[in-house]
Amino acid sequence: MKITNLNPLIVTDSPEDMLPLYVKTMGFKITHNLEFPKVNLLVLEKGKQRIDIIVDADPKKKKLFTKELYAVRLNVSDYDKTCKELLAGGCKIYIDTVELKSAKFCLLKQPNGLLLGVMQHKAAKKKPAKKATAKKK
């Protein structure tokens, strides 16, 4: 299992209660606000530091989260292999795989009840090189 980096992950139904602390007091900036069918993802960054916040997409409906949860998010080089190893090691699926345009992500519950986010970013497709053309005089 190759872990490329890790960072804190917060799961909540009320980010508005915590954002002023991270943004105004600590100086983080919201760099991404991604919407998905069941959850939204806020990404806060300050220099090389990153915090991911997963939020209920529609808090008026049945809530996915009844309390705030804190987890560690792992970026990995082989998502399927890593998930297979973690599930064999006793983790259970908490939120099944979400396919994004640029990544795959899931939340697993560790045997001690703590959450572990697993993400693999997809390699960016390289644009074909432009053919050189001779300039006309």
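All values derive from a computational prediction rather than experimental measurement.

Each value, and the rule that gives it
Residues numbered from 1 in each chain as written. Predicted model: local features only at pLDDT ≥ 70, side-chain atom pairs only at ≥ 80, totals over all residues. Heavy atoms only, no water. Helix = DSSP H or I, 4+ residues; strand = E, 2+ residues; numbered from the N terminus. Contact = heavy atoms within 4.5 Å. Pairing = 2+ DSSP bridges. Disulfide = S-S within 2.5 Å. Buried < 20%, exposed > 50% of the residue type's maximum accessible area, 1.4 Å probe, protein only. Core = buried A, V, L, I, M, F, W, Y, C linked by side-chain atoms within 4.5 Å. pLDDT = per-residue confidence, 0-100. Axes fitted to C-alpha atoms, helices over the stretch in contact; angles between N-to-C directions.

1. A few points about the side chain of Asn7
Now for step 1: Within the element layout of this structure, Asn7 appears in strand β1 (residues 3-12).
Now for step 2: Discounting chain neighbours no more than four positions away, the residues touching Asn7 are Arg50, Ile51, Asp52, Ala71, Val72 and Arg73.

2. Quick word on the pairing of strand β2 (residues 29-35)
Now for step 1: Sheet topology note: the β2/strand β3 (residues 39-46) ladder contains six bridges and is antiparallel. Bridging from a neighbouring strand, Lys29 pairs with Glu45 of β3.
Now for step 2: Between the antiparallel neighbours β2 and β3 lie three residues.

3. Section: the state of the cysteines
Now for step 1: Under the counting rule described, the total for this entry stands at zero disulfides.
Now for step 2: With no disulfide of its own, Cys83 lies closest to Cys106 among cysteine sulfurs, the gap being 3.7 Å.
Now for step 3: Residue Cys91 stays outside any disulfide, its sulfur separated by 9.1 Å from that of Cys106, the closest cysteine.
Now for step 4: In this structure Cys91 comes out as buried when scored by relative accessible area, which is 8%.

4. Regarding the nonpolar core
Now for step 1: By size, the foremost hydrophobic cluster in this structure holds 15 residues, and its most contacted members are Leu9, Val11, Ile54, Phe105, Leu107, Leu115 and Met119.
Now for step 2: When sequence neighbours within four positions are dropped, the list of residues in contact with Met119 reads Arg73, Leu74, Asn75, Val76, Tyr79, Leu100, Ala103, Lys104 and Phe105.

5. Examining the environment of Asp96
Now for step 1: Considering the arrangement of structural elements, one finds Asp96 in strand β6 (residues 92-99).
Now for step 2: Taking the C-alpha atoms as reference points, Asp96 and Leu107, separated by 11 residues in sequence, lie 6.7 Å from one another.
Now for step 3: What Asp96 contacts, discounting residues up to four positions off in sequence, is Phe105 and Cys106.

6. Describing the confidence of the model for the protein chain
Now for step 1: The share of residues in the protein chain with pLDDT of 70 or more is 82%, and the mean pLDDT across the chain is 80.
Now for step 2: When mean pLDDT is compared element by element in the protein chain, helix α2 (residues 79-88) scores highest at 92, while β1 scores lowest at 81.

7. Here's the deal with the sheet that holds strand β4 (residues 49-56)
Now for step 1: One open sheet holds the eight strands; their spatial order is β2-β3-β4-β1-β5-β8-β7-β6, and the pairing between them is mixed. Each of the sheet's edge strands pairs with one partner strand only, and the pair in question is β2 and β6. Recorded for the sheet is a direction-independent mean angle of 20° between the axes of neighbouring strands.
Now for step 2: As paired elements, strand β7 (residues 103-109) and strand β8 (residues 115-121) share seven bridges and run antiparallel to each other. What sits directly across from Leu108, in β8, is Leu116.

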